[in-house]
Amino acid sequence: MSNVICVDGPAASGKSTVSKLVAKRTGYLYVDSGALYRIVTWLALEAEIDTSSSEAVAEFVRRVRVDFTTREGRVAYEVRGEEPGDRIRTPNINAHVSPVSAVPEVRALVTGWLRGMRSLGNLVVEGRDIGSVVFPESPNRFYLDADPEERARRRLKEDVAKGFADKGAVEKVKESILNRDKIDSTRKTAPLMIPEGAMRIDTTELSIDEVAEKIVSNIK
Ligand code: CDP
């Protein structure tokens, strides 16, 4: 079985940036599990599924097809032969992804995909339930956190760069991430939590480099 480094944490806690850097330094493949939940949400919205109905989402998810390939040090996802890119990172997807992710059938599908990726090589996997549910047997489990104000500032910067928000929208972004955190940590199936035995890192005052270094130096 390949080695897996698990990086969990709430929205905009720095997981993606840090995990990509850890992958680069270790030569492991970077895996973005949130992107898979975002793809399912995007396809459901495109098919005009009522995402507030878990029955409708559960029924729809049986038809979802995603292809996996490795590209530039990461596991890449293709839908109809194309990577979805920023289409899965819009405020509209942000507003629907947490309820869709709470549907057990969606979680079962994505968990199966993630476990299957071990056949591709060593992995750095970031998400919400990676160390607690997907790979609980991994000795390398980390939980990143940061103050909500700092997380909102980080996410706003990304959203402004993508043209999804104006500079003054920090309160709106904070509300959106706190709302997602609430749904993610209170859902019945695989809630966001600090996995037992995971190392917690508060990234509020740390640079990306410092967080990545903490992880790399603690890999067992
Ligand atoms: O990058 P950000 O922290 O905003 O979110 P993400 O990692 O792209 O995840 C988007 C959403 O997918 C989360 O808010 C969760 O609802 C869901 N998710 C999950 O339920 N389990 C995971 N392992 C990863 C993401």
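Quick caveat, the model's predicted, so the values are computed rather than measured.

The rules behind the values
- Residues numbered from 1 in each chain as written.
- Predicted model: local features only at pLDDT ≥ 70, side-chain atom pairs only at ≥ 80, totals over all residues.
- Heavy atoms only, no water.
- Helix = DSSP H or I, 4+ residues; strand = E, 2+ residues; numbered from the N terminus.
- Contact = heavy atoms within 4.5 Å.
- Phe/Tyr/Trp six-rings, centres within 6.5 Å; stacked < 30°, edge-to-face > 60°.
- Buried < 20%, exposed > 50% of the residue type's maximum accessible area, 1.4 Å probe, protein only.
- Salt bridge = Lys/Arg side-chain N within 4 Å of Asp/Glu carboxyl O.
- 1 Å grid on protein atoms, 1.4 Å probe; cavity = no way out; pocket = protein on both sides within 12 Å on 5 of 7 lines; lining within 4 Å.
- Points joined across faces, edges and corners; volume = space filled by probe spheres on them.
- Nonpolar A, V, L, I, M, F, W, Y, C, P; charged D, E, K, R; others polar.
- Core = buried A, V, L, I, M, F, W, Y, C linked by side-chain atoms within 4.5 Å.

K.L.:
Describe the environment of Ile39, listing the residues and the values that go with them.
P.N.:
Along the polypeptide, Ile39 turns up in helix α2 (residues 33–46). Between the alpha carbons of Ile39 and Ile93 there is a distance of 9.0 Å; along the sequence they are 54 residues apart. Residues contacting Ile39, with those up to four places away along its chain left out, are Val66, Tyr77, Val79, Pro84 and Ile88.

K.L.:
Explain the packing of aromatic side chains to me, and be specific about the residues and the numbers.
P.N.:
Applying the stated rule across the entire model yields two aromatic pairs. On the basis of an interplanar angle of 85 degrees and a centroid distance of 5.8 Å, the ring pair of Phe68 and Tyr77 is categorised as edge-to-face. Judged by its relative accessible area of 6%, Tyr77 falls in the buried class. On the numbers, 5.5 Å between centres and 65 degrees between planes, the contact of Phe68 with Trp113 is edge-to-face. On the criterion of sequence distance, the pair formed by Phe68 in strand β3 (residues 67–71) and Trp113 in helix α5 (residues 104–116) is long-range, its members being 45 residues apart. In this structure an aromatic cluster arises from ring pairing among Phe68, Tyr77 and Trp113.

K.L.:
How would you sum up the pattern of salt bridges? Please name residues and give values.
P.N.:
When the charged atoms of two side chains lie near each other, side chains of opposite charge can form a pair. Taken as a whole and assessed by the stated rule, the structure comprises 20 salt bridges. Of the charged contacts, one joins Glu150 and Arg153 as a salt bridge, the two residues approaching to 3.0 Å between their closest N and O atoms. With Glu150 and Arg153 both in helix α7 (residues 148–162) and three residues apart, this pair spans about one turn of that helix. Here Arg187 and Asp184 are joined by a salt bridge, their closest N and O atoms 3.6 Å apart. As far as burial versus exposure is concerned, Arg187 and Asp184 are alike and both buried.

K.L.:
Would you mind going over unusual backbone geometry in detail, with residue names and values included?
P.N.:
You will see that Ala12, though not glycine, has its phi angle at about 60 degrees, which is positive. With respect to the helices and strands, Ala12 occurs in the loop between β1 (4–8) and α1 (15–26).

K.L.:
Go over the layout of surface pockets, please, and point to the residues and values.
P.N.:
By volume, the largest pocket is sized at about 1000 Å³. Lining the largest pocket we find 49 residues, and of these Ser16, Tyr30, Asp32, Arg89 and Glu126 sit closest to its centre. With six residues, the top contributor of residues to the lining of the largest pocket is α2. Here the residues of the lining of the largest pocket are counted per class, giving 17 nonpolar, 13 polar and 19 charged. Put simply, the second largest pocket is a space of about 360 Å³. The wall of the second largest pocket is formed by 18 residues, among which Pro91, Asn94, Lys172, Val173 and Ser176 lie closest to the centre. If you list the elements that add at least two residues to the lining of the second largest pocket, you get α4 (91–101), α7 and α8 (170–186). Looking at which element gives the most residues to the lining of the second largest pocket, the answer is α8, with eight residues.

K.L.:
Go over the nonpolar core, please, and point to the residues and values.
P.N.:
Counting 37 residues, the largest nonpolar core has Val31, Val64, Tyr77, Val106, Leu114, Met117 and Val125 as its most contacted members. In terms of residues, this core owes the most to one element, α2, which gives eight residues. In this structure Val106 touches Tyr37, Val40, Val57, Val61, Val100 and Ser101, once residues within four positions along its chain are discounted. In this structure, Val18, Ile201, Ala212 and Ile215 belong to the second largest nonpolar core, which totals 14 residues.

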